[in-house]
Amino acid sequence: MDVTERLAAVFTAPGPRPELAGRLGVFEPLIGSWDLVVHNYAEDGTVRTVDGEWHFGWALDGRALADVWISPARTSRGGGVDGEWGMSLRFYDEKIGAFRSTWLGPGNGWVIPFLGKRTKDGFEIEADTGGVRRRWIFSELTRESFSWRAEETLPDEDPFVRQRFEATRAVSG
């Protein structure tokens with residue numbers, strides 16, 4: 001077994017641990033691969049739309065959910081097109097009664113720790129980084145699709161939607 005197989009074998013898990021299944025159940029519909037339409041909003045009102053892909057799976061002995069986000073999608077890259085590959089790790093922390101989530105975006109040098117909670121139709125996570133309040137909201141969560149948006153709020157300003165994703169279950173992954 002090579003190092004890639006060994007790492008995958010110890011990192012991934014077939015499902016949540018039984019004692020955590022109730023807490024982590026909010027993530028169950030996300031497991032698998034998703035095709036994305038990514039809308040990036042600039043302060044001047046312009047919108048840049050690209051594609052992307054998002055892959056979710058159980059991790060760390062079923063104690064967490066891991067995901068890898070890629071935009072533009074690998075199939076769209078070529079001719080020097082680059083983008084971001086990022087990863088989040090999410091787990092429920094009983095001590096604080098909330099989800100912890102950390103986004104790692106090496107292309108932009110981002111490490112953002114979030115706290116999260118269930119919502120009526122999904123979940124949301126929040127962080128405060130350098131005076132900017134960030135909310136990432138998963139909504140309309142079904143087994144075949146979901147919506148996602150990233151909001152930023154500067155002090156004394158209204159929330160600004162930075163990104164929106166339209167996600168549909170990938171046919172092949």
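Residues numbered from 1 in each chain as written. Predicted model: local features only at pLDDT ≥ 70, side-chain atom pairs only at ≥ 80, totals over all residues. Heavy atoms only, no water.

> What's the story with the nonpolar core in this structure? I'm lost.
Grouped burial of nonpolar side chains is what soluble globular proteins tend to show. Residues Phe27, Leu30, Trp54 and Phe146 are the most contacted members of the largest nonpolar core, which totals 30 residues. At 4 residues, strand E2 (residues 47-59) tops the list of elements feeding residues into this core. Sequence-distant contacts of tryptophan 54, defined by excluding residues within four places in its chain, comprise Gly32, Ser33, Trp34, Leu36, Asp67, Val68, Trp69, Phe138, Phe146, Trp148 and Phe165. (Core = buried A, V, L, I, M, F, W, Y, C linked by side-chain atoms within 4.5 Å. Buried < 20%, exposed > 50% of the residue type's maximum accessible area, 1.4 Å probe, protein only. Helix = DSSP H or I, 4+ residues; strand = E, 2+ residues; numbered from the N terminus. Contact = heavy atoms within 4.5 Å.)

> When you look at the packing of aromatic side chains in this model, what are you seeing that I'm missing?
The geometry of an aromatic ring pair comes down to the distance between the two centres and the angle between the two planes. In total, this model carries 18 aromatic pairs according to the counting rule given. When the centroid spacing of 5.1 Å and the interplanar angle of 80° are considered together, the rings of tyrosine 92 and phenylalanine 99 count as edge-to-face. The buried category is assigned to tyrosine 92, whose relative accessible area is 16%. Measuring from ring centre to ring centre gives 5.5 Å for tryptophan 136 and tryptophan 148, while their planes differ by 65°; the resulting arrangement is edge-to-face. In this pair, tryptophan 136 sits in strand E8 (residues 132-139) while tryptophan 148 sits in strand E9 (residues 145-153), placing the two residues 12 residues apart along the sequence. (Phe/Tyr/Trp six-rings, centres within 6.5 Å; stacked < 30°, edge-to-face > 60°.)

> Is there a simple way to explain the side chain of serine 139 in this structure?
Mapped onto the elements of the fold, serine 139 is located in strand E8. In this structure serine 139 comes out as buried when scored by relative accessible area, which is 11%.

> Quick question: what am I supposed to make of helix H1 (residues 3-11) here?
Think of an α-helix as 3.6 residues a turn; residues three or four steps apart then line up on the same face. Within H1, only 0 of the 9 residues are buried, which leaves the element largely exposed. At the N-terminal end of H1, a side-chain oxygen is found 3.1 Å from the backbone nitrogen of threonine 4, two or three residues along, and the residue is aspartate 2. (Polar contact = N/O pair within 3.5 Å; in protein donor to acceptor, adjacent residues only side chain to side chain.)

> I tried to follow the environment of histidine 39 on my own but got confused; where do I start?
As for its position among the elements, histidine 39 is in strand E1 (residues 32-41). With residues near it in sequence (within four places) discarded, histidine 39 still touches Val47, Arg48, Thr49, Arg162, Gln163, Arg164 and Glu166. One polar contact links histidine 39 to threonine 49, side chain to side chain, over a distance of 3.0 Å.

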